[in-house]
Amino acid sequence: MNDRHFDELATRFAEKIYGGAKGAIRLAVLQADLAEALPDRPLRILDIGAGLGHMALWLAERGHQLTLAEPAAPMLDGARARFAEAGQTATFIQAPWQDLLGQLTERYDLVLCHAVLEWLAEPESILPVLHQLTAPGGWLSLAFYNRDALVYRNLLKGHFRKLRSNRLEGEKQSLTPQKPLDPRELKAQLEPMWLVESESGVRVFHDYMPKEFQGKAELLDLLEMELAHRRHPTFAGLGRYLHWVCRPR
């Protein structure tokens, strides 16, 4: 199994991930968490697997210095266009994460790694690289596809045969990740290098709502309720994604 890039799926990715309430909730939770965690001063920020640059642009508009690294040319072109349209500048690097230590000579105050681990053949292999790229006293913003949520979703649908076979990865050309992450395993892998300071669920209830209720719900209400429950001790772990803000040990 190889790492998955999105050269051929950039348009579909944009529509599916950011074309509706799912993307709006994702951005709202990530932005709320980072606004709470980060100091009120300009930071040097590296966005690994930056995609179309949604989070990077939000940070650039708040006065931070952004470097976007993305292996898929169509995605990086989309990010460049988004920055240009907003009148913002950044450094853009077309490269997979494996090449970054050879190309980057500095450490960053904040490293973003959002929706990357679940597309890697060996997700744990990126963790030391993230640590080497983060400055002492800096932050890692880590968002990943939550295997627990995928299991729960399949339970609700009665997909018991699929669960018994333990085959939850997405099919080829699917936007279901190839390596959904078990949060307990990931936390154990992070432990030697990182202290997890905050944990939030992303879409802790939206994806479980019946379609008819999803269609009737106002976006502002969805955002309010998702933000209010993103750290609830019962509901946070059901988030389709989990967002952890970490500090290097």
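Residues numbered from 1 in each chain as written. Predicted model: local features only at pLDDT ≥ 70, side-chain atom pairs only at ≥ 80, totals over all residues. Heavy atoms only, no water.

Peer 1: Any details on the overall build of the protein? Residues and values, ideally.
Peer 2: Along the backbone of the protein there are 11 helices and seven strands. The C-alpha radius of gyration computed for the protein amounts to 17 Å, which stays within 12% of the reference 18 Å derived for 249 residues, consistent with globular compactness. Once the C-alpha set of the protein is aligned to its principal axes, its extents read approximately 50 × 35 × 35 Å. Here the protein, with 249 residues, has 50% of them falling under the buried criterion. Within the protein, contacts between residues separated by at least 24 positions form 76% of all contacts whose residues are at least 6 apart in sequence. A total of about 12000 Å² of accessible surface is found on the protein, and carbon and sulfur atoms cover 50% of it. (Helix = DSSP H or I, 4+ residues; strand = E, 2+ residues; numbered from the N terminus. Rg over C-alpha atoms; globule rule 2.2 N^0.38 Å. Buried < 20%, exposed > 50% of the residue type's maximum accessible area, 1.4 Å probe, protein only. Contact = heavy atoms within 4.5 Å. Areas by Shrake-Rupley, 256 points an atom, 1.4 Å probe, with all protein chains shown as cover.)

Peer 1: An account of the packing of helix α2 (residues 21-37) against helix α11 (residues 219-229) is needed here, citing residue identities and associated values.
Peer 2: Running from amino to carboxyl end, α2 crosses α11 at an angle of 40 degrees, the nearest separation of the two axes being 10 Å. What the angle tells us is that α2 and α11 run oblique. Crossing hand, α2 versus α11: right-handed. On α11, the residues that touch Ala21, Ala24, Ile25, Ala28, Val29 and Ala32 of α2 are Leu219, Leu222, Leu223, Glu226 and Leu227. For the contact of α2 with α11, the class distribution of residues is 10 nonpolar, no polar and one charged. (Axes fitted to C-alpha atoms, helices over the stretch in contact; angles between N-to-C directions. Parallel < 35°, antiparallel > 145°, perpendicular 65-115°, else oblique. Left-handed = near helix turned anticlockwise from the far one by under 90°. Nonpolar A, V, L, I, M, F, W, Y, C, P; charged D, E, K, R; others polar.)

Peer 1: Before we move on, could you go through the UniProt feature "binding site: S-adenosyl-L-methionine" (unreviewed entry) in the protein and cite the residues and values that matter?
Peer 2: Within this numbering scheme, the UniProt entry marks Arg26, Gly49, Ala50, Glu70 and His114 as carrying the feature "binding site: S-adenosyl-L-methionine" (unreviewed entry). Tracing the backbone shows Glu70 in the loop between β2 (65-69) and α4 (73-86). Excluding residues that lie within four positions of it along the chain, Glu70 makes contacts with Gly49, Ala50, Gly51, Met75, Leu76, Ile93, Gln94 and Ala95. Turning to its location among the elements, His114 is positioned in strand β4 (residues 108-114). (UniProt positions renumbered as here; feature names shortened; annotations may be inferred.)

Peer 1: How would you explain α4 if you had to name every residue and give the values?
Peer 2: In this model, α4 (14 residues) spans 20 Å end to end at C-alpha, consistent with the 20 Å of a helix rising 1.5 Å per residue. When α4 is considered as a whole, its buried residues turn out to be Met75, Leu76, Ala79 and Phe83. Buried residues of α4, viewed axially, fall in a sector of 95 degrees; they line one side. Looking at α4, the residues exposed on the side facing more than 90 degrees away from the buried face are Ala84 and Glu85. One or two residues past the end of α4 sits Gly87, with phi positive at roughly 70 degrees. (Expected span 1.5 Å × (residues − 1). Arc of directions from axis to C-beta.)

Peer 1: Before we move on, could you go through the layout of surface pockets and cite the residues and values that matter?
Peer 2: Computed from the structure, the second largest pocket encloses a volume of approximately 320 Å³. What lines the second largest pocket is a set of 15 residues, among which Arg147, Lys179, Pro180, Leu181 and Glu185 lie closest to the centre. Tallying contributions element by element places helix α9 (residues 183-190) first for the lining of the second largest pocket, with three residues. Among the residues making up the lining of the second largest pocket, the classes are represented as six nonpolar, three polar and six charged. (1 Å grid on protein atoms, 1.4 Å probe; cavity = no way out; pocket = protein on both sides within 12 Å on 5 of 7 lines; lining within 4 Å. Points joined across faces, edges and corners; volume = space filled by probe spheres on them.)

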